[in-house]
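# Tertiary structure, described
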Amino acid sequence: MIQQISIENRRGNTLRGVLNLPQACDEGCRVPVWMNIHGFGGNKCGYKNLHVQQARKLEKNGIAGVRFDFFGNGESDGEFDEMTFTSLLEDAEDIFAWIKEQPWADTNHLILSGQSMGGYVASTVAPRLQPEKLILQCPGAAMWNGALERVEAMEAKGVYTADVEGLSFSTTFNKTMHPYEPYASARGYEGKVLLVRGTKDQLVSLADCEKYQEVYGHACTFVSIEEGNHNFANISVRRELEKVIIDFILGGNR
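Parameters at a glance
- Residues numbered from 1 in each chain as written.
- Predicted model: local features only at pLDDT ≥ 70, side-chain atom pairs only at ≥ 80, totals over all residues.
- Heavy atoms only, no water.
- Helix = DSSP H or I, 4+ residues; strand = E, 2+ residues; numbered from the N terminus.
- Contact = heavy atoms within 4.5 Å.
- Disulfide = S-S within 2.5 Å.
- Buried < 20%, exposed > 50% of the residue type's maximum accessible area, 1.4 Å probe, protein only.
- Arc of directions from axis to C-beta.
- Expected span 1.5 Å × (residues − 1).
- Axes fitted to C-alpha atoms, helices over the stretch in contact; angles between N-to-C directions.
- Parallel < 35°, antiparallel > 145°, perpendicular 65-115°, else oblique.
- Left-handed = near helix turned anticlockwise from the far one by under 90°.
- Nonpolar A, V, L, I, M, F, W, Y, C, P; charged D, E, K, R; others polar.
- Phe/Tyr/Trp six-rings, centres within 6.5 Å; stacked < 30°, edge-to-face > 60°.
- Pairing = 2+ DSSP bridges.

### Details of the environment of Arg187
Here Arg187 lies in the loop between helix 6 (182-186) and strand 9 (192-198). Sequence separation of Arg187 and Ala126 is 61 residues, and the distance between their C-alpha atoms is 8.9 Å. Sequence-distant contacts of Arg187, defined by excluding residues within four places in its chain, comprise Pro127 and Val215.

### Some words on the state of the cysteines
On inspection of all chains with the given rule, the structure shows zero disulfides. The closest cysteine sulfur to the non-disulfide-bonded Cys220 is located on Cys209, 8.9 Å from its own sulfur. Relative accessible area serves as the criterion here: at 10%, Cys220 is assigned to the buried category.

### Observations concerning helix 7 (residues 206-216)
Every buried residue belonging to helix 7 is among Asp208, Cys209, Tyr212, Val215 and Tyr216, and all of these are buried. Buried positions in helix 7, seen along its axis, are confined to an arc of 110 degrees and lie on one side of it. Positive backbone phi, approximately 65 degrees, marks Gly217, located one or two places after helix 7.

### Concerning helix 8 (residues 235-250)
For helix 8, which comprises 16 residues, the first-to-last C-alpha distance of 23 Å matches the rise-based estimate of 22 Å (1.5 Å per residue) to within 8%. Every buried residue of helix 8 is listed here: Val237, Arg238, Leu241, Glu242, Val244, Ile245, Ile246, Phe248 and Ile249. For helix 8, the secondary structure elements touched by its buried residues are strand 3 (31-37), helix 1 (50-60), strand 5 (105-115), strand 6 (133-137), strand 9 and strand 10 (220-225). Of the residues flanking the end of helix 8, it is Gly251, one or two places downstream, whose phi is positive at about 70 degrees.

### Concerning unusual backbone geometry
In this model, Asn49 sits at a positive phi of 65 degrees, which is unusual for a non-glycine residue. Counting through the fold element by element, Asn49 comes out in the loop between strand 3 and helix 1. In this model, Gln130 sits at a positive phi of 50 degrees, which is unusual for a non-glycine residue. With respect to the helices and strands, the residue Gln130 is situated in the loop between helix 3 (117-129) and strand 6. Gln130 gets classed as partly exposed once you look at its relative accessible area, which sits at 29%.

### Focus on the packing of helix 2 (residues 85-100) against helix 3
When two helices pack together, their arrangement is captured by the angle between the axes and the distance separating the axes. The contact between helix 2 and helix 3 brings their axes to 10 Å, and the two run at 60 degrees. Considering the angle they form, helix 2 stands oblique to helix 3. Crossing geometry of helix 2 relative to helix 3 is assigned as right-handed. On helix 3, the residues that touch Phe85, Leu88, Leu89, Ala92, Glu93 and Phe96 of helix 2 are Met117, Tyr120, Val121, Thr124, Val125, Arg128 and Leu129. Here the contact of helix 2 with helix 3 is composed, by residue class, of 10 nonpolar, one polar and two charged.

### Describing the packing of aromatic side chains
For the coordinates displayed, the defined rule picks out 12 aromatic pairs. Considering the side-chain rings of Phe40 and Phe169, the 5.4 Å spacing of their centres and the 80 degrees angle between planes classify their relative orientation as edge-to-face. Here Phe169 lies in strand 8 (residues 167-170) and Phe40 lies in the loop between strand 3 and helix 1, a separation of 129 residues in the sequence. Look at Phe85 and Phe173: their rings are 6.0 Å apart centre to centre, the planes differ by 85 degrees, and that puts the pair in the edge-to-face class. You can see Phe85 sitting in helix 2 and its partner Phe173 sitting in helix 5 (residues 171-177), a full 88 residues away along the chain. Note on accessibility: Phe85 and Phe173 belong to one class, buried.

### A short note on the sheet that holds strand 6
Judged by pairing direction, the sheet is mixed, and its eight strands sit side by side in the order 1-2-4-3-5-6-9-10 without closing on themselves. In this open sheet, the two edge strands, each paired with only one partner strand, are strand 1 (2-8) and strand 10. Across the sheet, the mean angle separating the axes of adjacent strands is 20 degrees when strand polarity is ignored. By the bridge criterion, four bridges tie strand 3 to strand 4 (residues 64-68) in an arrangement that is parallel. Across the sheet, the residue bridging to Trp34 is Gly65, located in strand 4. Against the sheet, helix 2 touches strand 1, strand 2 (14-20), strand 3, strand 4 and strand 5, its axis set at about 165 degrees to strand 3.

Keep in mind these numbers describe shape, not what the thing actually does.
Printed below as a string of structure tokens:
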């Protein structure tokens, strides 16, 4: 069952999303919940419906899926150049808090997931939220590297916005991101972690993922998916990714 949902974040803005509910919820049962965070310049659907496909597969396996557009993205309130890294963190926290209040949510089995920039955001808020499990799909930690220096160089020339393929991007974003060095910010999460990267990912390097693996230690399962690019844009690759995610959430017992 699919529902259009919306919440008001702490700043009074409406965030709009989609909820996939398994049939068990019709019978009053509480189910595990997968909350997914989209990437930079993306939306709740993901590239060529990556996250839609994942949510539908999870629903068939008894797992609820919650996907929202961040403030300034997709169908949520705000403009892209109003988005800051701080607003992303706050939105993720507000959505997670909303899920915990829902009658269909098994609050002992909340899974936080993020892809690309969404993985960076998820890893940053996870120490505060402490979901049962954390899924990082090609997490975009490298976007932090040199980000402050780039916008300082822009502002020195009197430039405060950039055209990112039709989206107006504010230098404020990188400034608010700078305090959150990705690997230091990820420390303190106490649950299990699934880290996934496609072997043909040209945006997130193997070394980036290995640094996350060092942070999480034995709690982290690192899976490389052959032929997968940054958006896992291949049917067989996506099917493999879905299986890896479901096995991780359900512990292999379905």
